[in-house]
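Residues per chain, in single letters:
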Amino acid sequence: MTAADIFANASASLNVDLNRIIENYETLAGQSKNANCAAVVKANAYGLGMDNVAPALYHNTNCTTFFVANIIEAIELRTLLKDAVIYVFNGLFEDHIDLFVEHDIRPILNDLAQVALWQEQLEPCAIHFDTGINRLGFSEHETEQFLNTRNDLNVSLILSHLSSSDEPENPANKHQLQKLQKISNTLPNIPASLCNSAGIFLGEEYHFDMLRPGIMLYGGNPRTLPLPGGIKNTFEIKGKILQIRELKTGMSVGYNGIWTAQKPSRIAHINVGYADGYLKLNEINGKVFLNGEIVSVIGKVSMDMIAIDITDRIFDKISLKDEIELIGSNITLEMASEVSTLGHYQLLTGIGHRLHKNYKLEAKA
Ligand SMILES: *Cc1c(COP(=O)(O)O)cnc(C)c1O
């Protein structure tokens with residue numbers, strides 16, 4: 001056993017199937033006849049690990065363009081991928097101009113002040129037009145001003161972001177589409193981009209020239225609508241039993257004793273807590289998967305552990321070596337989301353740094 005193997009056993013694990021992420025990319029890219037498909041890998045690839053996810057996509061698909069939130073993530077990505085195109089959503093701060101240039105990273109300019117900062121640069125940039133989310137991007141007024149003034153920017157992409165793409169019936173989608181179409185018509189030679197994951201499924205007219213999926217690459221669902229066919233779960237979180245305890249009737253477990261044994265009970269403590277991203281998942285009725293069975297989480301979540309009730313399980317079959325699935329193919333993201341009342345975005349990006357990450361990537365046959 002190497003030291004790395006020994007350390008791998010010390011914490012719970014996050015197992016990521018990179019082939020599944022690649023397959024999800026192909027599924028998403030396949031939705032559009034003409035648009036290129038980029039990958040959004042901000043927030044450490046939604047918690048799954050940008051250092052493995054981004055190279056896997058770059059080397060095994062046609063994905064050459066990546067989006068991150070800030071310059072720090074972008075520089076980290078640049079060290080992984082020398083030739084990829086990298087855009088930064090959060091825009092341009094004056095102090096960061098040299099970093100963007102030095103690392104060949106493209107800022108997404110969100111207002112006219114940022115345009116002024118990049119005016120002298122020959123390197124490409126993107127422009128974000130706000131068409132209704134009222135978050136980042138040029139306001140309507142600034143958009144008009146920009147379109148009516150000559151500039152020397154080297155603009156490689158224009159983009160906008162949908163506020164309600166996960167609600168296909170919401171009229172905001174159409175309004176935003178029409179606004180971007182209008183802007184795009186006045187800048188006909190510049191590629192345009194509108195769709196995040198859910199936006200891709202609003203229809204071909206939304207696709208423009210580039211898709212920007214994030215959550216669905218990782219198998220997450222933006223909303224409680226059924227996940228589009230072909231999008232697969234890409235990861236599992238597995239813990240181990242730290243200790244098994246026998247309780248008499250009336251004994252309670254964990255902080256504030258919110259769970260009390262109603263009969264002689266056997267419980268097991270598992271090495272995953274809220275510091276690992278196991279947020280609020282139990283107080284009511286969290287579940288884990290152990291030896292082919294769904295088992296209830298009891299009591300409060302601690303920083304480093306949770307407890308499960310194994311009273312009615314066949315004890316001979318339970319060992320300290322057993323792996324407990326907290327999220328995966330049996331305890332699905334849907335189930336975890338329902339119990340925790342957290343969305344898939346929050347569940348994924350909340351995955352703790354302490355988990356030992358394992359990656360599977362099989363070469364194509
Ligand atoms: C995060 C983000 C995306 C990706 O969204 P998903 O819903 O995760 O697919 C795309 N565009 C912008 C501007 C974003 O901030």
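This text gives an overview of the structure that appears in the document. Fair warning: this is a prediction, and the values are worked out from it, not measured in the lab.

Thresholds applied
- Residues numbered from 1 in each chain as written.
- Predicted model: local features only at pLDDT ≥ 70, side-chain atom pairs only at ≥ 80, totals over all residues.
- Heavy atoms only, no water.
- Helix = DSSP H or I, 4+ residues; strand = E, 2+ residues; numbered from the N terminus.
- Contact = heavy atoms within 4.5 Å.
- Areas by Shrake-Rupley, 256 points an atom, 1.4 Å probe, with all protein chains shown as cover.
- Lys, Arg positive; Asp, Glu negative; His and termini not counted.
- Charge placed at Lys NZ, Arg CZ, Asp CG, Glu CD.
- Near = heavy atom within 4 Å.
- Polar contact = N/O pair within 3.5 Å; in protein donor to acceptor, adjacent residues only side chain to side chain.
- Nonpolar A, V, L, I, M, F, W, Y, C, P; charged D, E, K, R; others polar.
- Phe/Tyr/Trp six-rings, centres within 6.5 Å; stacked < 30°, edge-to-face > 60°.
- Buried < 20%, exposed > 50% of the residue type's maximum accessible area, 1.4 Å probe, protein only.
- Salt bridge = Lys/Arg side-chain N within 4 Å of Asp/Glu carboxyl O.

With that out of the way, let us pick up the overall build of the protein. Counting its regular elements, the protein contains 12 helices and 19 strands. C-alpha extents for the protein along the principal axes are approximately 80 × 50 × 45 Å. Considering only intrachain contacts with a sequence separation of at least 6, the fraction spanning at least 24 residues in the protein is 64%. As presented, the protein carries roughly 17,600 Å² of accessible surface, and 50% of it is formed by carbon and sulfur atoms. Averaging the coordinates of the 30 positive side-chain charges in the protein and doing the same for the 42 negative ones gives two points 8 Å apart.

Okay, the site of the ligand next. Every one of the 13 residues lining the ligand counts as a neighbour, but Lys 42, Tyr 46, Ser 197, Gly 214 and Tyr 345 are closest to it. At 3.0 Å, a side-chain N or O of Arg 212 approaches a nitrogen atom of the ligand. Calculation on the ligand without its partners gives an accessible area of 390 Å², and the protein chains cover 93% of this total. By residue class, the composition of the shell around the ligand is 6 nonpolar, 4 polar and 3 charged.

Taken as a whole and judged by the stated rule, the model has 9 aromatic pairs. Look at Tyr 46 and Tyr 218: their rings are 4.9 Å apart centre to centre, the planes differ by 35 degrees, and that puts the pair in the tilted class. Here Tyr 46 is found in helix H3 (residues 42-46), whereas its partner Tyr 218 is found in the loop between strand E10 (210-211) and strand E11 (235-247), with 172 residues between them in sequence. As far as burial versus exposure is concerned, Tyr 46 and Tyr 218 are alike and both buried. Ring geometry for Phe 129 against Phe 138: centres 5.4 Å apart, planes inclined by 65 degrees, an arrangement best described as edge-to-face. The exposure class of Phe 138 is buried, given its relative accessible area of 0%.

This next bit is on unusual backbone geometry. A positive phi angle is found at Ala 45, which is not glycine, with a value near 55 degrees. The topology assignment puts Ala 45 in helix H3. Judged by relative accessible area, which is 0%, Ala 45 ranks as buried. One non-glycine residue, Asn 256, lies in the positive phi region at around 65 degrees. Inspection of the secondary structure assignment puts Asn 256 in the loop between strand E12 (252-253) and strand E13 (259-260). For Asn 256, a relative accessible area of 63% corresponds to the exposed category.

Let us now look at the pattern of salt bridges. In this structure the tally under the stated criterion is 15 salt bridges. Lys 33 is the salt-bridge partner of Glu 204, the closest N and O atoms lying 3.9 Å from each other. Within this pair, whereas Glu 204 is found in the loop between helix H10 (197-200) and E10, its partner Lys 33 is found in the loop between helix H2 (18-29) and strand E2 (36-37), the two being separated by 171 residues in sequence. Classification of Glu 204 as partly exposed rests on a relative accessible area of 35%. Owing to a relative accessible area of 72%, Lys 33 belongs among the exposed residues under this scheme. Of the charged contacts, one joins Arg 223 and Asp 166 as a salt bridge, the two residues approaching to 3.7 Å between their closest N and O atoms. Residue Arg 223 is found in the loop between E10 and E11, and its partner Asp 166 is found in the loop between strand E8 (154-159) and helix H9 (172-186); the two are separated by 57 residues along the sequence. Among the residues examined, Arg 223 registers a relative accessible area of 37% and is labelled partly exposed. Residues joined by salt bridges that share partners form a network here, namely Asp 166, Glu 167 and Arg 223.

Residue placement: Gly 254 occurs in the loop between E12 and E13. The exposed category is assigned to Gly 254, whose relative accessible area is 52%. As for Gly 254 and Ser 160, which are separated by 94 residues in sequence, their C-alpha atoms are 48 Å apart.

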